[in-house]
Amino acid sequence: MPCPAFPVEIYVQILNDLPGRDPSSLTTVVSCLSVSSTLRIAALEKSVWHNLFHSRYTHCDDGNEERRRKLCGGDIRLMFIERYKGDRHALRTLDLIRTAQGGPRLAAQIVRDMSFDVWDALGFECMLPIPALFRDPLVDQGDTSEDAAPHALPKRFWAHALRGAIARNYAVRLWQAIRLRDESATFDNVLLGFSAFMDVSPKESLWELESLAVRCRERLLSLDLELDSERPRYDLPAVLEAVRQFMQDEGFAIATGNAFINLLHQYPAYFLREGRSATLPISMNWVFAGICRRLGIQAEPTNTPGSVLCHITSPDPHKGDMLFDVCPSTTPPLIFSNRDLATRLAEADMPLYCPRDTLFPADLATMARRTVFNIMHAHRAEREARVHADGTWQRSLYAALIAASSAAVVPPGHNALPGPDVVLSFMPEEWPLDEKSVVQAAISLDFPDADIEAPSSHNQRIQRRLGQSETFVGQVLQGGDTLLCVHGWEVNLD
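Quantities reported herein were computed from a predicted structural model and do not represent experimental measurements.

Quick notes on the rules
Residues numbered from 1 in each chain as written. Predicted model: local features only at pLDDT ≥ 70, side-chain atom pairs only at ≥ 80, totals over all residues. Heavy atoms only, no water. Helix = DSSP H or I, 4+ residues; strand = E, 2+ residues; numbered from the N terminus. Buried < 20%, exposed > 50% of the residue type's maximum accessible area, 1.4 Å probe, protein only. Contact = heavy atoms within 4.5 Å. Areas by Shrake-Rupley, 256 points an atom, 1.4 Å probe, with all protein chains shown as cover. Pairing = 2+ DSSP bridges. Axes fitted to C-alpha atoms, helices over the stretch in contact; angles between N-to-C directions. Left-handed = near helix turned anticlockwise from the far one by under 90°. Nonpolar A, V, L, I, M, F, W, Y, C, P; charged D, E, K, R; others polar. Patch = residues over 30% accessible without salt bridge, like charges linked within 9 Å, V, L, I, M, F, W, Y side chains within 5 Å. Salt bridge = Lys/Arg side-chain N within 4 Å of Asp/Glu carboxyl O. Phe/Tyr/Trp six-rings, centres within 6.5 Å; stacked < 30°, edge-to-face > 60°. Lys NZ or Arg CZ within 6 Å of the ring centre and 35° of its normal. Polar contact = N/O pair within 3.5 Å; in protein donor to acceptor, adjacent residues only side chain to side chain.

*Asks:* What is the right way to look at the overall build of the protein chain in this model?
*Replies:* Along its length, the protein chain carries 20 helices and six strands. Looking at the protein chain as a whole, 50% of its 494 residues qualify as buried. Look at the contacts in the protein chain between residues 6 or more apart in sequence, and 65% of them connect residues 24 or more apart. Of the roughly 24,000 Å² of accessible surface on the protein chain, a fraction of 53% belongs to carbon and sulfur atoms.

Structural data, given as structure tokens:
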């Protein structure tokens, strides 16, 4: 039956209405290229490929993306083709990781060369339909009658592991930028990377922070507050108080009582999530400073004992800097008369022996160490109270050690930076690809010749627990009258 002869604009509209993230949409567009000259013109339309590209790809490696843009002259269709070729290469490598030895080394190559370029392709792999018998209706959404993909369980496991290695390698680079005093490093770098240890892309937490800043700007403009510091109506104290109120209205608050000690308070993926979560002063300041910087306000944390206050640099040299309490209160900012430390301490009613960063911006490495201390303190307290599962404790301690190694901050209770063996001993078993991409990357500046290799006892412990000579993700086991399937590796510290 011949194809109806519609104007090319109709076909373009139909193709633009395809769900770009659905893999079948790409198949449809490619098929149209060989049907007729009219459909070919429609399928080559820039808007069609723009939909496919931006629906499929949410992440990228910024350097690689800029090189692709130059190589393709900004042509979105050619850029899509380059990304798609990269996806295929990454998935072939993932199959090698799944079926052959040397997984951590192969993963390190993907992390180094492609990084977030393959984040979305791996995400599709993480959603492959598994056998119906093992589907969890709360997790495995979609068509419950859909046939299982070949080797779906092991493919999902290793795709998840590689995604995690990419995210945590990015976290290492954020913390190393603090250590190297990279000019681009901000307070964002201190906490952002911890999201990767909740299996969330740090970039997604960054986008949530930026979204908050956009909404805050809209709120301030609706209140008729001037945001241009060079205009006469600009009232910085009023703007700061309005940002604080915006955060309170968004649900941000300081945790109290037993809730104050929580391993996840340092994780943006936790306290930025929908519904928010009461958290620590350092996390509140992280959000506040992040919003302020995006409003053109120079806001930085202080290392005030017992709290974290925000230092605001005045854009007017004739007006003093400010110290602002971000935590829910109605306290107006303290405006200093000059930059002399003794004078500031007196104006803040603080003892004269307090260090400079009590009232001046703290070094980012100092804030990183404070964060590591908070996690390790909460780790000890929660182990005693057994608030979280063992896996959360191990992940958090592993995150703290990776952060300490990357940013070169000696954690509490240590006389030096943690060595390779110490960090590796806390690497969760469910993250087997972290050896090279995360642990070795984190210690590389202090142990450049180290060649990290996870102890073989990791796999041996798993085999002993299951009573099998060999076990693997996706294996089906018979336990009495119960049919079992190995979905992944779970940490047991007992």
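*Asks:* Teacher, can you tell me more about helix 7 (residues 103–113) here?
*Replies:* In an α-helix, one turn spans 3.6 residues; hence positions three or four apart end up facing the same way. All of the buried residues in helix 7 are Gly103, Pro104, Leu106, Ala107, Ala108, Ile110 and Val111. Packed against the buried residues of helix 7 are helix 6 (76–99), helix 9 (152–179) and helix 19 (434–443). Residue Ser115 follows helix 7 closely and has a positive phi angle near 50°.

*Asks:* Could you clarify how one ought to interpret the sheet that holds strand 2 (residues 310–312) in this entry?
*Replies:* Within a sheet, adjacent strands bond to each other through the backbone by hydrogen bonds, running parallel or antiparallel. The four strands lie next to each other as 1-2-3-4, forming an open sheet whose pairing is antiparallel. The outermost strands of the open sheet, each flanked by one partner alone, are strand 1 (299–301) and strand 4 (334–335). Pairing between strand 3 (residues 322–324) and strand 4: two bridges, direction antiparallel. Paired with Leu323 across the strands is Leu334, a residue of strand 4. Across the sheet, helix 12 (residues 236–249) is in contact with strand 2, strand 3 and strand 4; its angle to strand 3 comes to roughly 15°. The sheet strands contacting helix 14 (residues 281–294) are strand 1, strand 2 and strand 3, and the helix crosses strand 2 at an angle near 20°.

*Asks:* In this structure, what is going on with the packing of helix 4 (residues 46–56) against helix 6? I would like to understand it.
*Replies:* The axes of two packed helices give the description: the angle between them and the distance between them. Following both chains from N to C, one finds helix 4 and helix 6 inclined at 35°, their axes separated by 9 Å at the closest point. Regarding helix 4 and helix 6, the two cross each other, and that crossing is left-handed. Taken together, the residues of helix 6 that come into contact with helix 4 (itself represented by Lys46, Trp49, His50, Leu52, Phe53, His54 and Arg56) are Ile76, Arg77, Met79, Phe80, Arg83, Tyr84 and Asp87. Among the residues making up the contact of helix 4 with helix 6, the classes are represented as seven nonpolar, two polar and five charged.

*Asks:* Help me out: how do you make sense of a nonpolar patch on the surface in this one?
*Replies:* Together, Phe6, Ile10 and Ile14 give the surface a local cluster of nonpolar side chains, amounting to about 280 Å² of exposed area. Topologically, Ile10 is positioned in helix 1 (residues 8–16).

*Asks:* What exactly am I supposed to notice about the environment of Leu240 here?
*Replies:* Relative to the helices and strands, Leu240 resides in helix 12. Taking relative accessible area as the criterion, Leu240 reaches 0% and is therefore assigned buried. Taking C-alpha positions, Leu240 is 9.1 Å from Phe288, a pair spaced 48 residues apart along the chain. Apart from the residues within four sequence positions on either side, Leu240 is in contact with Phe288, Cys292, Ile297, Ile312, Met322, Phe324 and Pro333.

*Asks:* Explain unusual backbone geometry to me, please; I cannot follow it from the model alone.
*Replies:* For residues other than glycine, phi is negative in most cases, and the peptide bonds are mostly trans. With phi around 50°, Ser115 is a residue other than glycine that occupies positive phi space. Secondary-structure assignment places Ser115 in the loop between helix 7 and helix 8 (119–125). Judged by relative accessible area, Ser115 falls into the buried class, the value being 2%. Positive phi outside glycine occurs at Asp349, with the angle close to 60°. Within the secondary structure layout, Asp349 lies in the loop between helix 15 (341–347) and helix 16 (364–385).

*Asks:* How do you make sense of the packing of aromatic side chains when you look at a structure like this?
*Replies:* Within a pair of aromatic rings, the relevant descriptors are the distance that separates the centres and the angle that separates the planes. A complete count under the given rule lists 15 aromatic pairs for this structure. Geometrically, the ring pair formed by Phe197 and Trp431 is edge-to-face, given 6.1 Å between the ring centres and 65° between the ring planes. Linking Phe197 in the loop between helix 10 (188–192) and helix 11 (202–222) with Trp431 in the loop between helix 18 (420–425) and helix 19, this pair joins segments that are 234 residues apart in sequence. Seen from their ring centres, Phe271 and Trp286 are 5.8 Å apart, and the 80° between their planes marks the pair as edge-to-face. Pair noted here: Phe271 is in helix 13 (residues 268–271) and Trp286 is in helix 14, with a separation of 15 residues, a long-range link. The class for Trp286 is buried, based on a relative accessible area of 0%. Feature note: the residues Trp175, Phe194, Phe197, Tyr267, Tyr398 and Trp431 constitute an aromatic cluster, connected by ring pairs. Directly above the ring of Trp431 sits Arg168, whose terminal nitrogen or CZ lies 3.6 Å from the centroid. Of note, Arg356 hangs over the ring of Phe360, and the distance from its end group to the ring centre comes to 3.7 Å.

*Asks:* Please explain the pattern of salt bridges as it appears in this structure.
*Replies:* Where charged atoms of side chains with opposite charge meet at close range, the side chains can pair. A full pass over the atoms with the stated rule returns 26 salt bridges. Residue Arg112 pairs with Asp113 through a salt bridge whose shortest N-O separation is 2.9 Å. Between Arg215 and Glu250 there is a salt bridge, with its nearest N and O atoms 3.2 Å apart. Of the two residues, Arg215 is situated in helix 11 and Glu250 in the loop between helix 12 and helix 13; the sequence distance between them amounts to 35 residues. On the basis of relative accessible area, Arg215 is assigned to the partly exposed category, the value being 28%. Of the residues examined, Glu250 reaches a relative accessible area of 23% and is grouped as partly exposed. Through salt bridges with shared partners, one network takes in Arg168, Asp199, Arg395, Glu430 and Asp434.

*Asks:* Teacher, can you tell me more about the environment of Arg339 here?
*Replies:* By secondary structure assignment, the location of Arg339 is in the loop between strand 4 and helix 15. The spatial distance from the C-alpha of Arg339 to the C-alpha of Gly320 is 8.0 Å, given a sequence separation of 19 residues. When near neighbours in sequence (up to four residues on either side) are disregarded, Arg339 contacts Asp321, Arg344, Arg356 and Phe360. For Arg339, the side chain forms a polar contact with the side chain of Asp321, separated by 2.8 Å.

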